[in-house]
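These are the residues of each chain, in order.
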Amino acid sequence: MDAAAWTVLAAVVAILAAVVPVLVFASGTGDMTKRRPLPPGFFGLPLIGQTLSILRALRANAGEEWLRRWVAAYGPVSRMSFFGHPTAILAGASANKFIFASAAVAPKSTESMARMIGRRTIRDVAGDEHRRVRAMMVQFLRPDAVKRRVATMDDEVRRHLDAEWRGRDTVAVMPSMKTLTFDVMCVVLFGLRRDTADDAVRRELSTEFQQLVMGISVVPLDLPFTAFRKCLAASRRGRRAVAGVIDERRAKLERGESSPADDVVTHMLAEGLPDEEIIDNVMFLMIAAHDTTAALLTFLVRYLDANGDAYAKVAGEQEEIARCKTPGEPLSWDDLARMRFTWAAAMETLRLVPPVFSILRETAADVEFGGYRIPKGWQVMQPLTMTQWDPDIFPEPERFDPARFENSSAIPPFSFIPFGGGARVCPGVDFAKVETLVAVHYIVTRFRWKLAAGCDGSFSRFPLPYPSQGLLIDIEPIHEQRNA
């Protein structure tokens, strides 16, 4: 947070402390003794609560440690205040199962995220509206649809590595992977084709999204010179660019020059979704479909560099597939099915460094869990690493061991949830899997790498995991003759 924002926050806290008595969130009166108690914990200062403490921990990559201390003090069901709202922290596999099964616990975006992306995304709507929007997206994300796009993803990956890696001695992996996954998403999902007028739109969207994503987890102070104000401006510019794409697709649809099967935007227009909802969902997809996969790829490169045995197994698997291909021949769906250990390594990476620190939800009615009452309107924080780093579930949890996922049925239910669960399981699982496997194949078969001098591999979580120096690696080309 910049200095101006800290100054404003300090002033707000001082005023509240002077004029407002010590407050806690009201939890009802009258028949309280007949109800179950609220979870243990405390709310802290009005409006501020534990927000700044958590954000500081995330910046220092100490979010998991913060959570472990909190859960050790107050138990797996506890209360706090986050971004000005009473919040219940529910940790553990049983809590994950409860959250995914309960119709009274619905997804919720922070105010910052809602202001950046919109309030009518697939994440925010419920019931029939959620099912309707999900069905529109699934048309392009289900396995048979993704299968038809493998060659396109293959082409995008090779283009990117030729342009950004070949001929260079050093690469910053995270910025490179963000560019790659953004381009794949734009071409495959939104039909923003290469070597056309769409190139300018794609570059504009990429620029604005790199800025606005930084505003997802900041304190929403819309004041001059704050990071939030800068990110809001980027969001507005991004929304205008998406609106321009919608107008262009609508005109082509009306002229009979396109089909709803061409891309997500055209399909949503044909289904009658209002423009504002299309913009909200495109904004959401653009973050969900590229930032998280970019983080996965970046940290997979990091872990393979640090674990020679795992690297050798991934490289061997990929080289065996490469030997069966002719020069320039793209990967196939069957090739991807053979990349079992590579995907196990990707899952282990997601276990160690989940792209999302926690999932935020909201109670639509009073609910009870673990002997405690969680009132209607409370936020529910679902921390992912409390099970994924649990030594009783994953022995030596800090160790990178892809073999854990070679037999995924051995992992206890609801203890590893990288793609959510229940009716709201991520519809883009297959898209992310294919994109990851294709990228890893060409990185591993074309390059050797090691961390660059001075790059220690450390990272922060704000808002998503981001390594120091973007994970700077020294690269050496191999097998340049294949797919050149």
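Quick caveat, the model's predicted, so the values are computed rather than measured.

A. Here's a closer look at the overall build of the chain. When you go through the chain residue by residue, the secondary structure sums to 19 helices and 12 strands. Projected onto its principal axes, the C-alpha coordinates of the chain cover approximately 75 × 60 × 45 Å. Each of the 484 residues in the chain was classed as buried or not, and the buried ones make up 54%. Only carbon and sulfur atoms are counted for the fraction: they give 55% of the accessible area of the chain, which is about 20600 Å². Charged side chains of the chain number 59 positive and 58 negative; the gap between the two group centres comes to 4 Å.

B. Representation of unusual backbone geometry within the structure. Here the phi dihedral of Leu 47 falls at roughly 70°; this positive angle occurs in a residue that is not glycine. Its place among the elements puts Leu 47 in the loop between α1 (3-19) and α2 (51-59). In the Ramachandran plot, Gln 469 falls in the positive-phi region, its phi being about 60° despite a non-glycine side chain. Note that Gln 469 resides in the loop between β11 (465-467) and β12 (472-477). A residue is classified by how much of its surface remains accessible, and Gln 469, at 44% relative accessible area, is partly exposed.

C. The nonpolar core, seen in detail. If you look at the biggest cluster of nonpolar residues, it comprises 100 residues, and the most contacted ones within it are Trp 165, Leu 189, Phe 190 and Ile 473. Per-element tally for this core: the top contributor is helix α19 (residues 429-446), with 9 residues. Discounting chain neighbours no more than four positions away, the residues touching Trp 165 are His 160, Val 171, Ser 176, Met 177, Ile 443, Phe 447, Ile 473 and Ile 475. Membership of the second largest hydrophobic core comes to 21 residues, among which are Trp 66, Phe 82, Ala 91 and Leu 360.

D. Region of interest: the side chain of Glu 277. Within the fold, Glu 277 resides in helix α13 (residues 275-288). Apart from residues no more than four positions distant in its own chain, Glu 277 is found in contact with Arg 120 and Glu 129.

E. Molecular detail of the pattern of salt bridges. The tally for this structure, following the rule as stated, stands at 37 salt bridges. Between Arg 446 and Asp 162 there is a salt bridge, and its shortest N-O distance comes to 2.8 Å. Residue Arg 446 is located in helix α19, and its partner Asp 162 is located in helix α8 (residues 150-164); the two are separated by 284 residues in the primary sequence. Arg 446 sits in the buried class, given a relative accessible area of 4%. A salt bridge links Arg 373 to Asp 366; the shortest N-O distance between them is 3.9 Å. For Arg 373, a relative accessible area of 5% translates into the label buried.

F. Here's a closer look at the environment of Ile 246. If you trace the backbone, Ile 246 turns up in helix α11 (residues 227-254). C-alpha of Ile 246 to C-alpha of Met 268: the two residues are 22 residues apart in sequence and 9.7 Å apart in space.

G. Summary view of the packing of aromatic side chains. Enumeration according to the criterion identifies 15 aromatic pairs in this entry. Seen from their ring centres, Trp 70 and Tyr 74 are 4.7 Å apart, and the 50° between their planes marks the pair as tilted. Placement of the pair is Trp 70 and Tyr 74 together in helix α3 (residues 63-74), with a separation of 4 residues, close to one helical turn. Overall, the relative accessible area of 7% leaves Trp 70 in the buried class. For Tyr 74, a relative accessible area of 26% corresponds to the partly exposed category. On the numbers, 5.0 Å between centres and 0° between planes, the contact of Tyr 303 with Phe 400 is stacked. One end of the pair, Tyr 303, is in helix α14 (residues 291-306); the other, Phe 400, is in the loop between α18 (385-388) and α19, and 97 residues separate them in sequence. The burial state of Tyr 303 is the same as that of Phe 400; both residues are buried. Positioned above the aromatic ring of Phe 394, the side-chain terminus of Arg 351 is 5.1 Å from the ring centre.

Scoring rules and cut-offs
Residues numbered from 1 in each chain as written. Predicted model: local features only at pLDDT ≥ 70, side-chain atom pairs only at ≥ 80, totals over all residues. Heavy atoms only, no water. Helix = DSSP H or I, 4+ residues; strand = E, 2+ residues; numbered from the N terminus. Buried < 20%, exposed > 50% of the residue type's maximum accessible area, 1.4 Å probe, protein only. Areas by Shrake-Rupley, 256 points an atom, 1.4 Å probe, with all protein chains shown as cover. Lys, Arg positive; Asp, Glu negative; His and termini not counted. Charge placed at Lys NZ, Arg CZ, Asp CG, Glu CD. Core = buried A, V, L, I, M, F, W, Y, C linked by side-chain atoms within 4.5 Å. Contact = heavy atoms within 4.5 Å. Salt bridge = Lys/Arg side-chain N within 4 Å of Asp/Glu carboxyl O. Phe/Tyr/Trp six-rings, centres within 6.5 Å; stacked < 30°, edge-to-face > 60°. Lys NZ or Arg CZ within 6 Å of the ring centre and 35° of its normal.

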